Amino acid sequence: MTNEALSVAPVRILFTNENARLLYGESGLQPATPQAVGIDLRACITLHIPVAPSERKSIPVGIALEPRRAGIAGFVYSRSGLGAVKGLVVAQGVGIIDPDYRGEVSVFLLNTSQEVYIVQPGERIAQIVFQPYFRPVFEEVAALNSTERGTGGFGHTGQ
């Protein structure tokens, strides 16, 4: 599959140190397969970092990003194998890299397992997906349109 067949958005990348450049290679960040959506982020650390059960740790990934297309932001998700198998997930569920943020990206990891997890230098710890976002334009009204659900909250369907 070529880039012409994909929807692409240019993103500038700045390696925050030489170790990061070595981790990601000459081509920068690349998907693992031609149709992969997420791009792996690596722990740009020189020492092993233990994350105790229920503990959160900030792990730098050695890059800063600049999306060049309006309406695109970076969304950081857990790696499925690391989260499902090892219990190490992105602490806030999904991290958002705002398009105007120019600092080094860090990933807050949460250990949901009962064992200490040791983050290894260069380990793939999360994935980033570039997605469109929409800025709402709020309009105050006296009432909202009615729907079948109405104001029924959690569990309103009995399931």
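Use the structure listed above.
Residues numbered from 1 in each chain as written. Predicted model: local features only at pLDDT ≥ 70, side-chain atom pairs only at ≥ 80, totals over all residues. Heavy atoms only, no water.

Trainee: I tried to follow the side chain of Glu66 on my own but got confused; where do I start?
Mentor: Take Glu66: it is sitting in strand 5 (residues 63-67). Within polar-contact distance, the side chain of Glu66 engages the side chain of Arg68 at 2.9 Å. Among all residues touching Glu66, those that are not within four sequence positions of it are Pro10, Val11, Arg12 and Arg102. (Helix = DSSP H or I, 4+ residues; strand = E, 2+ residues; numbered from the N terminus. Polar contact = N/O pair within 3.5 Å; in protein donor to acceptor, adjacent residues only side chain to side chain. Contact = heavy atoms within 4.5 Å.)

Trainee: Just to check I follow, could you spell out the sheet that holds strand 2 (residues 39-42) for this structure?
Mentor: Pairing between the strands of a sheet is mediated by backbone hydrogen bonds and can be parallel or antiparallel. A sheet is described by the order of its strands in space; here 4 strands give the open sequence 2-11-6-8, paired in antiparallel fashion. In the strand order of this sheet, the two ends are held by strand 2 and strand 8 (95-97), each with one partner. Strand after strand, the sheet turns through a mean of 35° between neighbouring axes, direction not considered. (Pairing = 2+ DSSP bridges. Axes fitted to C-alpha atoms, helices over the stretch in contact; angles between N-to-C directions.)

Trainee: Got a minute to help me understand unusual backbone geometry in this structure?
Mentor: Most peptide bonds take the trans configuration, and most residues that are not glycine carry a negative phi. Its identity is not glycine, yet Ser54 carries a phi of approximately 70°, on the positive side. Examined against the element boundaries, Ser54 turns out to sit in the loop between strand 3 (49-51) and strand 4 (56-60).

Trainee: What is the right way to read the sheet that holds strand 7 (residues 88-90) from this model?
Mentor: On the basis of which strands lie adjacent, the open sheet formed by 3 strands has the order 4-9-7 and antiparallel pairing. Edge positions in the sheet fall to strand 4 and strand 7, since each of these pairs with one other strand and no more. Strand-to-strand twist of the sheet, defined as the mean angle between neighbouring strand axes without regard to direction, takes the value 40°.

Trainee: Can you walk me through the pattern of salt bridges in this structure?
Mentor: A side chain of one charge can pair with a side chain of the opposite charge when the charged atoms of the two come close. All told, the structure shown has 7 salt bridges when counted by the stated rule. The residue Glu66 makes a salt bridge to Arg12 at a minimum N-O spacing of 3.6 Å. With Glu66 in strand 5 and Arg12 in strand 1 (residues 11-15), the pair connects residues that are 54 residues apart, well separated along the chain. In this structure, Arg68 and Glu66 form a salt bridge, with 2.9 Å as the shortest nitrogen-oxygen distance. For Arg68, a relative accessible area of 45% translates into the label partly exposed. (Salt bridge = Lys/Arg side-chain N within 4 Å of Asp/Glu carboxyl O. Buried < 20%, exposed > 50% of the residue type's maximum accessible area, 1.4 Å probe, protein only.)

Trainee: What is the right way to read the environment of Arg68 from this model?
Mentor: Secondary-structure assignment places Arg68 in the loop between strand 5 and strand 6 (72-78). Residues Arg68 and Arg79, spaced 11 residues apart in sequence, show a C-alpha to C-alpha distance of 25 Å.

Trainee: Any chance you could explain the pairing of strand 5 here in plain terms?
Mentor: The side chains of a regular strand alternate, first on one face of the sheet and then on the other. For strand 5, a buried count of 5 out of 5 residues is recorded, marking the element as mostly surrounded by other parts of the structure. Neither face of strand 5 is exposed, since Ile63, Leu65 and Pro67 on one face and Ala64 and Glu66 on the opposite face are all buried. Pairing of strand 1 with strand 5, which is carried by 5 bridges, proceeds in the antiparallel orientation. Bridged to Arg12 within strand 5 is Glu66.

Trainee: Quick question: what am I supposed to make of the nonpolar core here?
Mentor: Most often, soluble globular proteins keep nonpolar side chains buried together rather than apart. Residues Leu41, Val107, Val119 and Ile125 are the most contacted members of the largest nonpolar core, which totals 28 residues. Sorting the residues of this core by element identifies helix 1 (18-24), strand 2, strand 3, strand 5, strand 7, strand 9 (106-111), strand 10 (117-119) and strand 11 (124-132) as the ones contributing at least two each. Broken down by element, this core gets its largest block of residues, 3 residues, from strand 11. Every residue in contact with Val107, bar those within four places of it in the chain, is listed here: Leu41, Lys57, Ser58, Ile59, Val61, Val76, Val90, Ile125 and Ala126. (Core = buried A, V, L, I, M, F, W, Y, C linked by side-chain atoms within 4.5 Å.)

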